Amino acid sequence: MTGAAGDPGAPPAAGAVCLDVGSTWTKAVLVHPDGGLAGYAEHRTTTDDVLEGVDAAVRGVTAAAARDPEPEVLACSSAGGGLRLAVVGTEKLISTEAGHRVARSAGSHVVHVHAGPLEPADVRVLRGHRPGAVLLLGGADGDDPSVLLHNAGKLARARVRFPIVLAGNAEARDDALALLRATGRTVVACGNVAPKPGELVPGPARAALAEVFAQHVLGGRAPAAAPRFRRMVRFMTPDAVRRGTAELARLCGTRVLVVDVGCATTDVHSAGPGRRTRRTVEGDLGVRAAAEGVLLEAQAEEIVDPVEADLLTATVRGMTAEVGSVPRDAGSAAEDRRIAALAAVVAARRHLRDDLGPKDVDRQGEEVDPGPVGLVVLSGGVFRQRDAAGLGAVVGTLQQDPVLAPVLASASVLVDADFALAPAGLLAAHDRCVAAEALLRDHLLGSR
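Numbering of residues starts from 1 in each chain and follows the order in which that chain's sequence is written. Only residues with pLDDT of 70 or above have their local features reported here, since the model is predicted, and side-chain atom pairs are shown and tallied only from 80 upward, although totals for entire chains, interfaces and linings are computed over all residues. Side-chain metrics rest on all non-hydrogen atoms present in the structure, leaving aside hydrogens and water.

## Observations concerning the overall build of the protein chain
Scanning the protein chain for helices and strands turns up 15 helices and 15 strands. Using C-alpha atoms as the atom set, the radius of gyration is obtained and then compared with a globule rule of 2.2 Å times the number of residues to the power 0.38. In terms of overall dimensions, the protein chain is globule-like: its C-alpha atoms have a radius of gyration of 22 Å, near the 22 Å expected for 448 residues. Only protein chains enter the calculation, and the probe is 1.4 Å; a residue is then buried if its accessible area is under 20% of its type maximum, exposed if over 50%, and partly exposed in between. Residues counted as buried form 55% of the 448 residues belonging to the protein chain. Contacts were defined at the residue level, with two residues in contact if any of their heavy atoms lie within 4.5 Å. When contacts within the protein chain are restricted to residue pairs at least 6 apart in sequence, those whose partners lie at least 24 apart make up 67%. Summed over all atoms, the accessible surface of the protein chain reaches about 19,000 Å², with 52% contributed by carbon and sulfur. For this count, His and the chain ends are skipped, Lys and Arg are scored as positive, and Asp and Glu as negative. Here the site of a charge means NZ on Lys, CZ on Arg, CG on Asp, or CD on Glu. Here the protein chain carries 48 positive and 54 negative side-chain charges, and the mean point of each set is 4 Å from the other. Secondary structure elements are taken from DSSP: a helix is a run of H or I of four residues or more, a strand is a run of E of two residues or more, and numbering for both begins at the N terminus. For accessible areas, the Shrake-Rupley method is used with a probe of radius 1.4 Å. Any residue's cover is judged against the shown protein chains and nothing else.

This is the structure:
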């Protein structure tokens, strides 16, 4: 830790602006060297030049502390949002199911599925869905590889720039890889998602897609912004929250579960004292761009009944159409909280399920990890609403969920209303551990 001259253990002389560049909003908090929270500001994330919103948020939060030493800017980003995934395979039903299994918990959501040989018109349709990545499948191991090789050749010659996750027929993998790389395509090769008839093994492709997501989610790739943005942003937001989760687990001496609900993704982190933090990122769950995914999955998980689903349909369509909207009244704020609560339940269920072995094949047969959780933290912009009763209803939704209840029975549930968790993770990652601990104790754990 960098301290005052002659005292290497002292807090740094200047504070820090902890900046989180989200897909819709850019948030900034000013933290004093001792961990005191000095201010908060936010600005719409600017799409043409992300640095416009960044600079506006930093100016807003530092204006009241103009006489203090210039703070260091510590930044993380999830400006890219969820990763749009297109699937290209040989058989429609298998390709669709495989795509959704692979995308789950890897920050992605399926926007298009094509089955069979790609023709020029099919490539145009695929491009029209604006995918951020393509999952290329192609039969069980040992099957006829002709469709896989045909599709690899078409993608190799097409005017596309998105990365390709190659997860098809193992016997044809090297040939398909050679076709794609011959024209400079970015390819991540992994094990076959469907190695045998009737068997799905999404784990290797999911891990490969998570690597692609990690490059995508930072955003800020517009030419004018990219060089300075890359210098400024060293972490993606899920990394900052993961570090904050680890600090919480250390401070509390218990297993911690953090559910971070954003506009385009919902991230879940778990950690125990001395245990490695685990993270899942759901690219189909969010309170704006991915709101329709929340309603769809809440129905599939039987969390909402058909009547409530009908009532919420118009709401989620509006959220998707106006991703930058903010609640105009108490009713729309309550709708935000309800969608956030549903996203949190679905994401927590997915995170806690044991996704190893045969349970990964049978979606309906998945079980919940029985390990007890001592602390649950709800984070995200929607939880900055200062409505005790409304937030209490969100907490109750998690605690009363029949699938989560056994795991959360003895857990305290806190709401990160002061936006402390991601900043604490950034501080800890930059060796400002004293400030990180004070921020968590005073602005999150103080309400415990």
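## Digging into the pattern of salt bridges
One side-chain nitrogen of Lys or Arg within 4 Å of one carboxyl oxygen of Asp or Glu is enough to make a salt bridge. Counted under the stated rule, the structure contains 20 salt bridges. With its nearest N and O atoms 3.5 Å apart, the salt bridge here joins Arg 250 to Glu 437. Of this pair, Arg 250 sits in helix H8 (residues 237-252) while Glu 437 sits in helix H15 (residues 433-443), and the two are 187 residues apart along the sequence. Exposure remark for Arg 250: the relative accessible area of 45% places this residue in the partly exposed category. Given the relative accessible area of 25%, Glu 437 is considered partly exposed. The shortest N-O distance in the salt bridge between Glu 301 and Arg 349 comes to 2.8 Å.

## Here's the deal with the sheet that holds strand E3 (residues 37-44)
Pairing is mixed in the open sheet, where five strands are placed in the order E3-E2-E1-E4-E10. This sheet does not close on itself; its edge strands, each paired only once, are E3 and strand E10 (233-236). Here the strands of the sheet are splayed against their neighbours by 20° on average, with no regard to which way each runs. At least two DSSP bridges between two strands are needed for those strands to be called paired. Sheet topology places strand E1 (residues 16-21) next to strand E4 (residues 72-77); six bridges connect them, and they run parallel. Across the sheet, the residue bridging to Asp 20 is Cys 76, located in E4. Between N-to-C directions, angles span 0 to 180 degrees; the directions come from axes that are lines fitted to C-alpha atoms, helices contributing only their stretch in contact.

## Thoughts on the layout of surface pockets
In this analysis a 1.4 Å probe is tested at points of a 1 Å grid over the protein atoms alone, and where it fits but cannot get out there is a cavity; an open set with protein on both sides within 12 Å along at least five of seven lines is a pocket; lining residues have an atom within 4 Å of a point. Grid points are joined across faces, edges and corners, and a volume is the space filled by probe spheres set on the points. Looking at the largest pocket, its volume works out to about 1,300 Å³. Forming the walls of the largest pocket are 43 residues, and the residues nearest its centre are Gly 82, Leu 83, Arg 84, His 109 and His 216. Elements supplying a minimum of two residues to the lining of the largest pocket: strand E5 (83-89), helix H2 (92-103), strand E6 (108-115), helix H6 (203-216) and helix H9 (291-300). Asp, Glu, Lys and Arg are counted as charged, while Ala, Val, Leu, Ile, Met, Phe, Trp, Tyr, Cys and Pro are counted as nonpolar; the rest, among them Gly, fall into the polar class. Here the lining of the largest pocket is built from residues that sort into 15 nonpolar, 16 polar and 12 charged. If you go around the second largest pocket, you meet 35 residues; those closest to its centre are Trp 25, Cys 263, Gly 380, Gly 381 and Val 382. Where the lining of the second largest pocket is concerned, the elements lending two or more residues are strand E2 (25-31), E3, H8 and strand E11 (256-261). Tallying contributions element by element places H8 first for the lining of the second largest pocket, with three residues.

## With respect to the side chain of Glu 247
Relative to the elements of secondary structure, Glu 247 occurs in helix H8. By the criterion applied in these results, polar contacts are pairs of N or O atoms within 3.5 Å in which, for protein atoms, one can donate a hydrogen and the other can accept it, and in which residues neighboring in sequence qualify only through two side-chain atoms. Separated by 2.9 Å, the side chains of Glu 247 and Arg 250 make a polar contact. Setting aside anything within four residues of it in sequence, one finds Glu 247 in contact with Ala 428 and Leu 440.

## Overview of unusual backbone geometry
Unlike most non-glycine residues, Phe 419 shows phi in positive territory, near 55°. With respect to the helices and strands, Phe 419 occurs in the loop between strand E15 (412-415) and helix H14 (421-429). The buried category is assigned to Phe 419, whose relative accessible area is 10%.

## Points about a negative patch on the surface
A contiguous patch of negative charge, built from Asp 141, Asp 143, Asp 144 and Glu 171, is present on the exposed surface. Position of Asp 143 relative to the elements: it lies in the loop between strand E7 (133-136) and helix H4 (146-157). Here a patch means residues that are over 30% exposed by relative accessible area and free of salt bridges, tied together within 9 Å if like-charged and within 5 Å if nonpolar (Val, Leu, Ile, Met, Phe, Trp, Tyr).

## Things to note about the confidence of the model for the protein chain
Each residue gets a pLDDT score, which is the predictor's confidence in that residue and runs from 0 to 100. In this model, the protein chain carries a mean pLDDT of 90, and residues with pLDDT of at least 70 account for 92%. The low-confidence segment residues 1-9, where pLDDT is below 50, has 18 contacts with residues more than four positions distant or belonging to other chains. Ignoring residues within four places in sequence, the model shows residues 355-370, a span with pLDDT below 50, making 30 contacts including any to other chains.

## Section: H8
Here the expected length of a helix is defined as 1.5 Å per residue gap, with one fewer gap than residues. Over its 16 residues, H8 runs 22 Å from end to end, which matches the ideal 22 Å to within 8%, given 1.5 Å per residue. Residues of H8 that are buried: Thr 237, Pro 238, Ala 240, Val 241, Gly 244, Thr 245, Glu 247, Leu 248, Ala 249, Leu 251 and Cys 252. A positive phi of about 65° marks Gly 253, the residue just after H8.

## Focus: the nonpolar core
To qualify as a nonpolar core, a set must consist of buried Ala, Val, Leu, Ile, Met, Phe, Trp, Tyr and Cys residues joined through side-chain atoms within 4.5 Å. Leu 257, Val 261, Ile 339, Val 376, Leu 378, Phe 383 and Leu 408 are the most contacted members of the largest nonpolar core, which has 45 residues in total. Excluding anything up to four places from it in sequence, Val 261 contacts Thr 266, Val 287, Ala 340, Ala 343, Ala 344, Ser 379, Gly 380, Gly 381 and Phe 383. Val 29, Ala 240, Cys 252 and Val 258 belong to the second largest nonpolar core, which has 33 residues in total.

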